[in-house]
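# Descriptive structure summary
Each chain, written out:
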Amino acid sequence: MIYTVTFNPAIDYVMQVGDIEFGITNRSKTEEILFGGKGINVSQVLSELGEETTALGFTAGFTGEALEKAVSQKGITADFIRLKKGNTRINVKLKGNVETEINAAGPHIEKDEITRLFKKLDNIKSGDTLVLAGSVPKSLPADIYEQIAEAVKNKNIRLVVDATGELLLKALKYNPFLIKPNRQELEEIMGESLETEEKLISAANFLRQKGAKNVLVSLGEEGAMLLAENGEIYRQAAFKVKAINTVGSGDSMIAGFLAGCEKGYEYALKLGAAAGAATAALSGLATKEKIEEIMEL
């Protein structure tokens, strides 16, 4: 079983607006509503690939009810904790001459509700995978990733961490099975530009030395690179697709990689890259059919 945790899921309200002028009324050309959050996205693509997965996280209010309904309709098994107060956030994505995003803060999570999450994590068994993905709301302890990693460290599970900055670095001491930084995130960690292959490898190897077993680096049009726990470096060229939407591509890459691991890291990297490209080529997340189509390219 692959469990995912989304601390702050969201409803994304995406509007195509053309040129935006501030101070006046702007009208959208089209609108689209997307339901998700990084962990939920991973679970959705895993489900498409036939993997057994359960999405954990927090929902609240009428927007939380809508998100839960949408997740259920997509066939994703979920076990969300309903918060007593607030509403699941709505993020506004304005796509015009420039892309502008306004991300809401999300509801407040009480201590007893955090305790309920840890009780659900008690159900994780040896051999399972736990994916911690995304940012942490201000109402949660800043070290919540570390707390969870500490709670499951003796369960013989695969821990996956998809986070940035200190949130990621502090989790490395728990030897996560997989982390997935992109080039920009690596540069922020290293404090320098990583314009060469040698510098990218050096940065990824730094994270391996800090404790990560596998470092999967997404590189956009340059494809992806994996520094694997077996000491090998794998490279995957980008699949040539017409990009429509890049939101969720990184989450899809993680899902594809996890789904392909049993066939070896080279295949897992290819499937991960194909899943990421499939999401980029669609208005929503990758489908099984689109992933299979891209794998044949």
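Just above, that's the structure.
A short tour of the structure in this document, coming up. (Residues numbered from 1 in each chain as written. Predicted model: local features only at pLDDT ≥ 70, side-chain atom pairs only at ≥ 80, totals over all residues. Heavy atoms only, no water.)

## Considering the overall build of the protein
Keep this limit in mind: Helical segments are the DSSP runs of H or I of at least four residues, strand segments are the runs of E of at least two, and each set is numbered from the N terminus. We take the radius of gyration over the C-alpha atoms and set the globule estimate at 2.2 Å times the residue count to the 0.38 power. Per-residue accessibility, obtained with a 1.4 Å probe over protein chains only, is compared with the maximum for each type, and a residue is labelled buried under 20%, exposed over 50%, and partly exposed between these values. In this description, contact between two residues means that some pair of their heavy atoms is separated by no more than 4.5 Å. Where accessible areas are quoted, they stem from the Shrake-Rupley method and a 1.4 Å probe; at the residue level, only the protein chains shown are allowed to cover.
For the protein, the count of helices and strands is 10 helices and 13 strands. A globule of 297 residues ought to have a C-alpha radius of gyration of about 19 Å, and the protein, at 19 Å, matches this closely. In the protein, which comprises 297 residues, the proportion classed as buried is 51%. Sequence separation of at least 24 residues holds for 63% of the intrachain contacts in the protein that already meet a minimum separation of 6. Total accessible area on the protein stands at roughly 14400 Å², and carbon and sulfur atoms take up 47% of it.

## Observations concerning the sheet that holds strand β5 (residues 77-82)
Cut-off, in case you're wondering: In this scheme, strands are said to pair when DSSP sees at least two bridges between them.
Read from one edge to the other, the open sheet built from 9 strands follows the order β5-β4-β1-β8-β9-β10-β11-β12-β13, with strand pairing classed as mixed. Of all the strands in the sheet, just β5 and β13 (233-236) have a single pairing partner and so form its edges. Of the pairings in the sheet, the one linking strand β1 (residues 2-6) to strand β8 (residues 129-133) comprises 4 bridges and is parallel in character. Residue pairing across strands places Ile2 opposite Thr129, the latter belonging to β8.

## Topic: a nonpolar patch on the surface
Note the cut-off: Patches here are clusters of residues that have more than 30% relative accessible area and form no salt bridge, with a 9 Å joining cutoff for like charges and a 5 Å cutoff for nonpolar side chains (Val, Leu, Ile, Met, Phe, Trp, Tyr). A pair is scored as a salt bridge if a Lys or Arg side-chain nitrogen falls within 4 Å of a carboxyl oxygen belonging to Asp or Glu.
On the surface, a cluster of nonpolar side chains totalling about 260 Å² of accessible area is made up of Tyr13, Ile33 and Ile90. Taking relative accessible area as the criterion, Ile90 reaches 41% and is therefore assigned partly exposed.

## A look at the packing of helix α6 (residues 183-190) against helix α7 (residues 197-210)
For the record, the criterion: In this description, a line fitted to the C-alpha atoms serves as the axis of each element, helices being fitted only across the stretch in contact, and the angle between N-to-C directions of two axes falls anywhere from 0 to 180 degrees. Comment on the angle field: the value is read as roughly parallel under 35 degrees, roughly antiparallel over 145, roughly perpendicular from 65 to 115, and oblique elsewhere.
Close contact between α6 and α7 brings their axes to 10 Å; oriented N to C, the two are set at 70°. Judged by the inter-axis angle, α6 sits roughly perpendicular to α7. Residues Arg183, Leu186, Ile189 and Met190 of α6 pack against Leu200, Ala203, Ala204, Phe206 and Leu207 of α7.

## A closer look at the environment of Arg89
Note the cut-off: Nitrogen and oxygen atoms within 3.5 Å of one another constitute a polar contact, given that in protein one can donate a hydrogen and the other can accept it, and given that sequence-neighbouring residues count only through two side-chain atoms.
Relative to the helices and strands, Arg89 resides in strand β6 (residues 89-96). With 17 residues separating them along the chain, Arg89 and Gly106 place their C-alpha atoms 4.7 Å apart. Non-local contacts of Arg89, meaning those with residues more than four positions away in its chain, are made with Asn8, Pro9, Ala10, Ile11, Asn103, Ala104, Ala105, Gly106 and Pro107. Engagement of the side chain of Arg89 in a polar contact is seen with the backbone oxygen of Asn8, the distance being 2.8 Å. A distance of 3.4 Å separates a polar atom in the side chain of Arg89 from the backbone oxygen of Ala104.

## Looking at the layout of surface pockets
Under the convention used in this document: Cavities and pockets are found on a 1 Å grid laid over the protein atoms alone: a cavity is a set of points where a 1.4 Å probe fits but cannot escape, a pocket is an open set with protein on both sides within 12 Å along at least five of seven lines, and a lining residue has an atom within 4 Å of such a point. Grid points are joined across faces, edges and corners, and a volume is the space filled by probe spheres set on the points. Each residue gets one of three labels, nonpolar for Ala, Val, Leu, Ile, Met, Phe, Trp, Tyr, Cys and Pro, charged for Asp, Glu, Lys and Arg, and polar for the others, Gly among them.
Taken as a whole, the second largest pocket spans an internal volume of roughly 340 Å³. Along the walls of the second largest pocket sit 20 residues, with Glu51, Leu258, Ala259, Gly260 and Glu262 positioned nearest its centre. Among the elements of the structure, α8 (249-260), α9 (265-280) and α10 (288-295) are those that each provide at least two residues to the lining of the second largest pocket. Considered class by class, the residues forming the lining of the second largest pocket number 9 nonpolar, 3 polar and 8 charged.

## Section: unusual backbone geometry
The phi dihedral of Asn156 falls on the positive side, at around 60°, and the residue is not glycine. The topology assignment puts Asn156 in the loop between α4 (144-152) and β9 (158-162). Here the phi dihedral of Asn175 falls at roughly 50°; this positive angle occurs in a residue that is not glycine. Topologically, Asn175 is positioned in the loop between α5 (165-169) and β10 (178-179). Under the relative-accessibility criterion, Asn175 is labelled partly exposed at 41%.

## Thoughts on α9
Spacing of three or four residues puts side chains on the same side of an α-helix, whose turn is 3.6 residues. The condition that has to hold: Given the number of residues in a helix, its expected span is that number minus one, multiplied by 1.5 Å.
Taking 1.5 Å as the rise per residue, α9 with 16 residues should run 22 Å; its terminal C-alpha atoms sit 22 Å apart, in good agreement. Among the 16 residues of α9, 13 are classified as buried, and the element is accordingly described as predominantly covered.

## Considering the nonpolar core
Just so we agree on the cut-off: The nonpolar core is taken to be a set of buried Ala, Val, Leu, Ile, Met, Phe, Trp, Tyr and Cys residues, with the residues joined through side-chain atoms within 4.5 Å.
Counting residues in hydrophobic clusters, the biggest one holds 44 residues, and the most contacted among them are Phe7, Leu117, Leu130 and Ile148. With 5 residues, the single largest contributor to this core is α4. Setting aside residues no more than four positions away along its own chain, Ile148 makes contact with Phe7, Leu117, Phe118, Leu121, Leu130 and Leu132. Leu46, Leu216, Ala259 and Met295 belong to the second-largest nonpolar core, a separate cluster that totals 36 residues.

## Notes on the sheet that holds β6
One key point about sheets: their strands pair by backbone hydrogen bonds, in either a parallel or an antiparallel sense. What the 4 strands build is an open sheet, ordered β3-β2-β6-β7; its pairing is mixed. Every interior strand has two partners, whereas the edge strands, β3 (30-36) and β7 (99-102), have only one. Direction aside, the axes of adjacent strands within the sheet are offset by 20° on average. Of the pairings in the sheet, the one linking strand β2 (residues 10-18) to β3 comprises 7 bridges and is antiparallel in character. Along β3, the bridge assignment pairs Val14 with Glu32.

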